[in-house]
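As a plain string of letters, each chain reads:
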Amino acid sequence: MAVELKDLTKRSENYSQWYNELVVKADLAEQSAVRGCMVIKPYGYAIWEKMQRQLDDMFKETGHVNAYFPLLIPKSFLSREAEHVEGFAKECAVVTHYRLKNDPNGGGVVVDPAAKLEEELIIRPTSETIIWNTYKNWINSYRDLPILCNQWANVFRWEMRTRLFLRTAEFLWQEGHTAHATREEAEEEAVRMLNVYSEFAEKYMAVPVVKGVKSANERFAGALNTYTIEAMMQDGKALQSGTSHFLGQNFAKAFDVQFVNKENKLEYVWATSWGVSTRLMGALIMTHSDDNGLVLPPHLAPIQVVIVPIYKNAEMLAKINEKVAGIVAKLKAMGISVKYDNADNKRPGFKFADYEVKGVPVRLVMGGRDLENNTMEVMRRDTLEKETRSCDGIEEYVKDLLEEIQANIYKKALDYRNSRITTVDSYDEFKEKIEEGGFILAHWDGTTETEEKIKEETKATIRCIPFDSFVPGDKEPGKCMVTGKPSACRVIFARSY
């Protein structure tokens, strides 16, 4: 591997450092001049765009439409739903003035003290309040429901300890906000969107996830229920990868959003909200990548196939260019994103290393002997295996290979996750096993006190109460590992990001 790219810390030596270095070396993102914020570089943003495009299509298939709401929220709005404001108060960035002026002492620009806002504005940490204030104007009758809106936006939450993609003060996301005439409709919507997230994670990101409901202690502020998809990273830690919230009538009551139902009676609207963010980029990196760099699932790779020529002179390059042009055209006609890198400003060895660290799923190489033999070298990024194939029919072979890689990296991640799920019955065993990482299935008495005790003593949290069974008997009642009190079923504990 080229000198510039080879010195990537190994996962086994320092997983956290490996991740930080990889994000930078793969040209995904970098720290910005604003503390806690990041610059998403073009290659990283190209991956996010593919995620965004696919998710947007899935949202629209389920009847949702996109809208956009203001970045700034009046401070008084956050006071209307007590639990919501308590959940976000410490993370809010506050705008207090509306103008700057030149410092009369020559110190550049300063805040104009005469330009103080009558009411401070909050940079949105999430948009429930501004949206429900808007919905009040949109909803009068049951005929106006449901409202199925989504917005792609940025949000801001002060974070002191940040890590690129996983936790930054400003991040990109989508937030769905829906309004319904009945509780049943709203609950169905919340679960439907969780299933959309799960399908996206597994089918496109190749990341296996656990679907479940959060404990009361881990719920979104202002929700009656929070549903989640939880993924396991290669260091055994959990990553909350998407959430969907059943909000009940809390925000409708806070903003007095009522409608006339079919019986001609006034009733408060039922609500959901749901979102995924650029944190999914972190999940993608940490689930699949290796000591050589990124491993991208073909379904989300900006460049699915790269072709690199090896040549001795301009005449040979011209012949390879001519040969490769037909292959590129056929691959593109199949809907495959392909890059032919015949630029002469970098050595082939550097190109190989660069595309390897960037996780391009398939690399094709053609040299002089390949040209004579009508062959190409094929390398797959997931296993780093190489083979020589005839150019005849290579397009179909590559198309099938991309699907094989997609399936293989999902299976690898699934097998790893399943191998790191442990069942424990005693608290002593739990304390021992949690040090090894992974998901632990254990009984819990359902109380916040016990949950907080476990978190304080072990740094592990309840990731979710899973919908599906993982081991025989995990859905049967038992006794809490800490208190011995009755437990309805086993829940998933893990340390998390």
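These numbers were taken from a predicted model, which means no experiment stands behind them. (Residues numbered from 1 in each chain as written. Predicted model: local features only at pLDDT ≥ 70, side-chain atom pairs only at ≥ 80, totals over all residues. Heavy atoms only, no water.)

## Overview of helix H15 (residues 448–458)
Because an α-helix packs 3.6 residues into every turn, residues spaced three or four apart end up facing the same way. Thr450, Glu451, Ile454 and Thr458 are the residues of H15 that are buried. The buried residues of H15 occupy an angular sector of 100° when projected down its axis, which confines them to one face. Away from the buried face of H15 by more than 90 degrees, exposed residues Glu449 and Glu456 are located. Looking at the packing, one finds that the buried side of H15 touches helix H14 (427–434), strand E24 (461–466) and strand E27 (490–494). Two residues or fewer after H15 comes lysine 459, characterised by a positive phi angle close to 65°. (Buried < 20%, exposed > 50% of the residue type's maximum accessible area, 1.4 Å probe, protein only. Helix = DSSP H or I, 4+ residues; strand = E, 2+ residues; numbered from the N terminus. Arc of directions from axis to C-beta. Contact = heavy atoms within 4.5 Å.)

## Side note on the packing of helix H2 (residues 15–25) against helix H9 (residues 279–288)
Orientation of H2 relative to H9, taken along the N-to-C sense of each, is 115°, at an axis distance of 11 Å. The handedness of the crossing between H2 and H9 comes out as right-handed. The segment H2 lies against H9, with Tyr15, Trp18, Tyr19, Leu22 and Val23 engaging Gly282, Ile285 and Met286. Taken together, the residues of the contact of H2 with H9 break down into seven nonpolar, one polar and no charged. (Axes fitted to C-alpha atoms, helices over the stretch in contact; angles between N-to-C directions. Left-handed = near helix turned anticlockwise from the far one by under 90°. Nonpolar A, V, L, I, M, F, W, Y, C, P; charged D, E, K, R; others polar.)

## What to know about the domain arrangement of the chain
Split into domains, the chain comes out as domain 1 (15–69 + 137–288), domain 2 (303–402) and domain 3 (419–494). Taking the mean C-alpha position of each, domain 2 and domain 3 sit 49 Å from one another. (Domains from an automatic or database assignment.)

## Some remarks on the packing of helix H3 (residues 42–61) against helix H7 (residues 183–203)
For any two helices packed against each other, the geometry is given by the interaxial angle and the distance between the axes. The N-to-C vectors of H3 and H7 enclose an angle of 140°; their axes lie 11 Å apart at closest approach. For H3 against H7, the interelement crossing comes out right-handed. In this structure, H3 contributes Met51, Gln54, Leu55, Met58 and Phe59 to the contact, and H7 contributes Met193, Val196, Tyr197, Glu199 and Phe200. For the contact of H3 with H7, a count of residues per class yields eight nonpolar, one polar and one charged.

## Some thoughts on the pattern of salt bridges
Applying the stated criterion to the full structure yields 26 salt bridges. Between arginine 463 and glutamate 230 there is a salt bridge, and its shortest N-O distance comes to 3.0 Å. Remark: glutamate 230 occurs in strand E12 (residues 225–232) and arginine 463 occurs in strand E24; sequence separation between them is 233 residues. For the pair arginine 463 and glutamate 230, a shared accessibility class is recorded, and that class is buried. Where arginine 381 meets aspartate 290, a salt bridge forms, and the shortest distance between an N and an O atom there is 2.7 Å. Taken together, the residues arginine 381 in the loop between strand E20 (375–380) and strand E21 (386–390) and aspartate 290 in the loop between H9 and strand E17 (305–309) connect sequence positions 91 residues apart. Taken as a pair, arginine 381 and aspartate 290 share a single burial class, namely buried. (Salt bridge = Lys/Arg side-chain N within 4 Å of Asp/Glu carboxyl O.)

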